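# Observations on chain architecture
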Amino acid sequence: SLLDVYSDSSTATSLFRVATGTTEAIFIDQAGNTGIGTTSPSALFNVGINNQFQINSTGAITAATGITSSGNITFSTLTSGSIPFAGTGGLISQNNDNLFWDNTNIRLGIGTSSPSGLLHIATGSTDALVIDNSGNLGIGTTSPSALFNVGINNQFQINSTGAIAAATGITSSG
């Protein structure tokens, strides 16, 4: 026969077994542990003769040896642009106001969920640093107009040749 379902009363270890010929397909032991491809499951759910994949009684994946995926993994609780990280107890979490990826415009936001440059760092409501698509760096501005800009109105600028292009309101005492 192709499939035999039987209870193995000859041993005290199995409660239920499904086998095809001499190959174990599903095995449930006296403790309620289920094995697929193994007759000695060591956790609530086991796959593979060497328990390559295991789920314990709390529902946690405790082993995933040698398991690969050629498809996509989708976490339905994450929103678009989320960068998942390990939160309390290793739980996968997200916080888009603190770390956000804009895949459409290829931008990373730290402290903002609406980055205005390749890299945009904000502290509270203050834009601290922005690197725009041209590689210009702005401190205190989201739209730097030279290689290096300081201030919301670009009061201090250094251009691509390294020359000071603007120094509005800046004085030197030494």
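Everything below is about the structure printed above this text.
All figures in this text were calculated on a predicted structure; none of them were measured in a lab. (Residues numbered from 1 in each chain as written. Predicted model: local features only at pLDDT ≥ 70, side-chain atom pairs only at ≥ 80, totals over all residues. Heavy atoms only, no water.)

### So, unusual backbone geometry
- With phi around 55 degrees, Ile106 is a residue other than glycine that occupies positive phi space.
- Looking at the secondary structure, you find Ile106 in the loop between β10 (99-102) and β11 (107-110). (Helix = DSSP H or I, 4+ residues; strand = E, 2+ residues; numbered from the N terminus.)

### A few points about the sheet that holds β11
- Pairing in this open sheet of eight strands is mixed, and the strands run β10-β11-β12-β13-β14-β15-β16-β17 from one edge to the other. Among the strands making up the open sheet, the edge pair consists of β10 and β17 (164-167). Ignoring strand direction, the axes of neighbouring strands in this sheet form an average angle of 10 degrees.
- When strand β15 (residues 148-150) meets strand β16 (residues 156-158), the two strands line up antiparallel, connected through three bridges. Pairing of Phe148 across the sheet is with Ile158, part of β16. (Pairing = 2+ DSSP bridges. Axes fitted to C-alpha atoms, helices over the stretch in contact; angles between N-to-C directions.)

### Some remarks on the pairing of β11
- Burial along β11 is one-sided: the residues Arg107 and Gly109 are buried and none of Leu108 and Ile110 is.
- The pairing of β10 with β11 spans four bridges and is classified as antiparallel. Its bridge partner being in β11, Trp101 is matched across the sheet by Leu108.
- Between β10 and β11, which pair antiparallel and follow one another directly, the connecting turn spans four residues, one of which, Ile106, has a positive phi of 55 degrees.
- One ladder, built from three bridges, connects β11 with strand β12 (residues 119-123); its direction is parallel. In the strand pairing of β12, Gly109 is matched with His120. (Buried < 20%, exposed > 50% of the residue type's maximum accessible area, 1.4 Å probe, protein only.)

### Examining the environment of Pro144
- The topology assignment puts Pro144 in the loop between β14 (137-139) and β15.
- Residue classification places Pro144 among the buried residues on the basis of a relative accessible area of 7%.
- For the pair Pro144 and Gln157, spaced 13 residues apart in sequence, the C-alpha separation works out to 8.8 Å.
- Excluding its chain neighbours within four sequence positions, the residues that come into contact with Pro144 are Val130, Asp132, Asn136, Leu137, Gly138, Asn149 and Asn154. (Contact = heavy atoms within 4.5 Å.)

### Brief notes about the pairing of strand β7 (residues 61-64)
- Relative to β7, strand β6 (residues 53-55) runs antiparallel, the two being bridged by three bridges. If you follow Gln54 over to β7, its bridge partner there is Ala63.
- Hairpin geometry of β6 and β7 is characterised by an intervening segment of five residues between the two adjacent antiparallel strands and by a positive phi of about 95 degrees at Gly59.

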